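Here are the chains, one letter per residue:
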Amino acid sequence: MNGGDEVVAAPAGPPQPLDWKFSQVFGERTAGEEVQEVDIISAIEFDKTGDHLATGDRGGRVVLFERTDTKDHGVPRRDLERIDYPICRHPEFRYKTEFQSHEPEFDYLKSLEIEEKINKIRWCQTANGALFLLSTNDKTIKFWKVQEKKVKKISDMNLDPSKAVGNGSIASSSNSCSPKPCVANGGSPDRSYNDLGNDFSFPPGGVASLRLPVVTSLETNLVARCRRVYAHAHDYHINSISNNSDGETFISADDLRINLWNLEISNQSFNIVDVKPANMEDLTEVITSAEFHPSHCNMLAYSSSKGSIRLIDLRQSALCDSHAKLFEEPEAPGSRSFFTEIIASISDIKFAKDGRYILSRDYMTLKLWDINMDSGPVATFQVHEYLRPKLCDLYENDSIFDKFECCLSGDGLRVATGSYSNLFRVFGCAPGSTEATTLEASKNPMRRQVQTPSRPSRSLSSITRVVRRGAEAPGVDANGNSFDFTTKLLHLAWHPTENSIACAAANSLYMYYA
């Protein structure tokens, strides 16, 4: 206490709501343009530095973007800060490269078509200037290396390459199938190759300009190479892949099993979770998402279709069917309906950067869980409560089975997830925060902004379930706008160090900053 002289600072209030602005769009559609199914984005992922962004689509392609605002002026960012040079206001990206990751396949044993659609992308640790990432479709995971390769060219030739050069060949026609050989050393085709001929003579003093050709590398090309293929380990569709913090292993999860892989070994994996019952008629829940803890290599979490999250510790046993902790919210008495179990199914979970909290997304809500408190979520955010009266219609058109992703900001103060009509929501989760922003994936993100957020304040210490009332009018959202079930924002990612969000609206990638 320094002799009692220490002054305790007053606790700071919750952070102010962010003012989101449009940054960039890639693949923007013109009005009335029809979207091709193969072009629809199905996965988005920033790397740990935030300098690269990857997207996958239903056509099996992976597209990479790189950050450009930190590379301006040719001076490292740290040096710019040291000399107080003005730097860019927000992250800006440009197209880097793309490659075909997966192709459509056919399983002849099961008479089953395997889509090329990319389900998940995860970045791995970089090495020697190369980028590494994992991508997966329903059945097969691939490990990719993307590296700049120098294009080698021969320069400093003694003669013009278009003219004849020594050894009886033409430099520019190594693949030529011309039947007439051309001899450059003063000979003719009908003479012996080792006879230079009487008409050839070296100039006095030799050839002053005779040089050895030099191999130069002036240009570079980005080359994507598949290093390993991890196949034939899942009977059901893969819904998740996640890198371990040890940099050596990763997990893949399908409906009933989670497998542990070593990045270097593609022909074997270890089954660490198996929820398949002896009799499939006894099956009551399936695995919907799985993720490794960001810093503890022995811990991972997976969610289920019953709305529960299990935390498992790989040190306990080789087969982790028994969980270390179970997180689930008790059902409110009298609230059960036909749709209760369907909307309780968790579609995505994410660990906060510090590993203390887990964010989960079910059909109607976002929930924040403290891994040290398994009695219930510390915060619940209503994403589109105004759809509750329309659950029957959503069930009829299968929209109720849509799988929305969620994400947390790098500082852990905010969470985000998507909704219908290409809307996405950003909520503040700091103690006392009332931030609840609605944004549209367009060049004018605040067009549908709810002017008066009616979400009651809550803090991380509260475990009270909060219900936000929405408009009851059919086909109208909380702000009086009609909603469209066909345009849904399922995939989004938050930049790891800055307030920047990338989200996918069909085949378009929109980026926003605050």
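Rules used throughout
- Residues numbered from 1 in each chain as written.
- Predicted model: local features only at pLDDT ≥ 70, side-chain atom pairs only at ≥ 80, totals over all residues.
- Heavy atoms only, no water.
- Helix = DSSP H or I, 4+ residues; strand = E, 2+ residues; numbered from the N terminus.
- Buried < 20%, exposed > 50% of the residue type's maximum accessible area, 1.4 Å probe, protein only.
- Areas by Shrake-Rupley, 256 points an atom, 1.4 Å probe, with all protein chains shown as cover.
- Patch = residues over 30% accessible without salt bridge, like charges linked within 9 Å, V, L, I, M, F, W, Y side chains within 5 Å.
- Salt bridge = Lys/Arg side-chain N within 4 Å of Asp/Glu carboxyl O.
- Lys, Arg positive; Asp, Glu negative; His and termini not counted.
- Charge placed at Lys NZ, Arg CZ, Asp CG, Glu CD.
- Pairing = 2+ DSSP bridges.
- Contact = heavy atoms within 4.5 Å.
- Polar contact = N/O pair within 3.5 Å; in protein donor to acceptor, adjacent residues only side chain to side chain.
- Phe/Tyr/Trp six-rings, centres within 6.5 Å; stacked < 30°, edge-to-face > 60°.
- Axes fitted to C-alpha atoms, helices over the stretch in contact; angles between N-to-C directions.
- Core = buried A, V, L, I, M, F, W, Y, C linked by side-chain atoms within 4.5 Å.
- pLDDT = per-residue confidence, 0-100.

## A word on the overall build of the protein
Counting its secondary structure elements, the protein contains three helices and 32 strands. Per-residue burial for the protein yields a buried fraction of 45% across its 514 residues. Put simply, the protein shows about 26900 Å² of open surface, and 50% of that area lies on carbon and sulfur atoms.

## Looking at a positive patch on the surface
Together, Lys-149, Lys-152, Arg-225 and Arg-227 make up a region of like positive charge exposed at the surface. Contributions of two or more residues to the positive patch are made by strand E10 (141-155) and strand E13 (214-230).

## Quick notes on the pairing of strand E8 (residues 120-123)
Side chains of E8 alternate between two faces, with Lys-120 and Arg-122 and Ile-121 and Trp-123 buried alike. Across four bridges, the pairing between E8 and strand E9 (residues 131-136) is antiparallel. For Lys-120, the partnering residue across the bridge sits in E9 and is Thr-136.

## Some points on a nonpolar patch on the surface
There is a patch of nonpolar side chains on the surface, built from Phe-338, Tyr-395 and Phe-401 and spanning about 320 Å² of accessible area. Mapped onto the elements of the fold, Phe-338 is located in the loop between strand E21 (325-327) and helix H2 (340-344).

## Digging into the environment of Glu-405
Positionally, Glu-405 belongs in the loop between helix H3 (391-396) and strand E26 (406-408). You can call Glu-405 buried: its relative accessible area is 7%. On a C-alpha basis, the gap between Glu-405 and Asp-348 in space is 5.3 Å, while along the polypeptide they are 57 residues apart. Not counting residues up to four positions away in its chain, the partners in contact with Glu-405 are Lys-120, Asp-348, Ala-416, Thr-417, Gly-418, Leu-490, His-491 and Leu-492. Reaching out from Glu-405, the side chain makes a polar contact with the side chain of Lys-120 at a distance of 3.3 Å.

## Re the pattern of salt bridges
Within this structure, the stated rule accounts for 27 salt bridges. One salt bridge in this structure joins Lys-367 and Glu-329, with 2.9 Å as the shortest N-O distance. Of the two residues, Lys-367 is situated in strand E24 (residues 365-370) and Glu-329 in the loop between E21 and H2; the sequence distance between them amounts to 38 residues. Connected through salt bridges with shared partners, the residues Lys-110, Asp-235, Arg-257 and Asp-274 form a single ionic network.

## Section: the packing of aromatic side chains
The way to describe two aromatic rings as a pair is by their centre distance and the angle between their planes. Under the defined criterion, the tally for this structure stands at 23 aromatic pairs. Consider the rings of Phe-22 and Tyr-512, whose centres lie 6.1 Å apart with planes at 70°: the pair is edge-to-face. With Phe-22 in strand E1 (residues 21-26) and Tyr-512 in strand E32 (residues 508-513), this residue pair connects regions lying 490 residues apart in the sequence. Following the ring pairs from residue to residue traces out a cluster consisting of Phe-22, Phe-424, Tyr-510 and Tyr-512.

## Describing the sheet that holds strand E30 (residues 492-494)
Strands in a sheet are paired, the pairing made by backbone hydrogen bonds, and the direction either parallel or antiparallel. If you trace the four strands from one edge of the open sheet to the other, you get E1-E32-E31-E30, paired in antiparallel fashion. The outermost strands of the open sheet, each flanked by one partner alone, are E1 and E30. Across the sheet, the axes of successive neighbouring strands diverge by a mean angle of 20°, strand direction being ignored. Inspection of the sheet shows strand E31 (residues 500-505) paired to E32 by six bridges, in the antiparallel sense. Bridge pairing in E32 places Ser-500 opposite Tyr-513.

## Describing the pairing of E31
Counting buried residues in E31 gives six out of six residues, a clear majority hidden from the surface. A two-sided burial pattern is seen for E31, the buried positions comprising Ser-500, Ala-502 and Ala-504 on one face and Ile-501, Cys-503 and Ala-505 on the other. Joining the antiparallel neighbours E30 and E31 is a turn of five residues. Taking the residues that link successive antiparallel strands as the turn, the E31-E32 hairpin has two residues, and the phi of Ala-506 there is positive, at about 55°.

## Considering the nonpolar core
Core analysis: the biggest nonpolar cluster contains 16 residues, and Trp-20, Phe-424, Val-426, Leu-492, Ile-501 and Cys-503 have the highest contact counts within it. At the level of secondary structure, the elements contributing two or more residues to this core comprise strand E28 (423-428), E30, E31 and E32. The dominant element in this core, judged by the number of residues it contributes, is E31, at three residues. In contact with Trp-20, other than residues within four places in its own chain, are Val-426, Thr-437, Leu-439, Pro-445, Met-446, Trp-494, Asn-499, Ser-500, Ile-501, Tyr-512, Tyr-513 and Ala-514.

## As for the environment of Leu-366
On the secondary structure map, Leu-366 appears in strand E24. On the accessibility criterion, Leu-366 (0% relative accessible area) is buried. As a C-alpha pair, Leu-366 and Ile-346 span 20 residues in sequence and 9.5 Å in three-dimensional space. With residues up to four places along the chain from it excluded, the contact list for Leu-366 reads Leu-359, Ser-360, Arg-361, Ala-379, Thr-380, Phe-381, Val-383, Cys-406, Val-415, Ala-416, Thr-417 and Phe-427.

## What to know about the confidence of the model for the protein
Summarising the model, the protein shows a mean pLDDT of 82, and 76% of its residues fall at 70 or more. This model gives residues 163-196 a pLDDT under 50, and the stretch forms 34 contacts once residues within four places in sequence are excluded. Confidence drops under pLDDT 50 across residues 450-474; counting only partners more than four residues distant or on other chains, this segment forms 61 contacts.

## Overview of the side chain of Ser-42
Counting through the fold element by element, Ser-42 comes out in strand E2 (residues 41-46). Accessibility expressed as a relative area gives 3% for Ser-42, which makes it buried. Each residue touching Ser-42, except ones within four places of it in the same chain, is listed here: Gly-56, Asp-57, Arg-58, Lys-117, Ile-118, Asn-119 and His-491.

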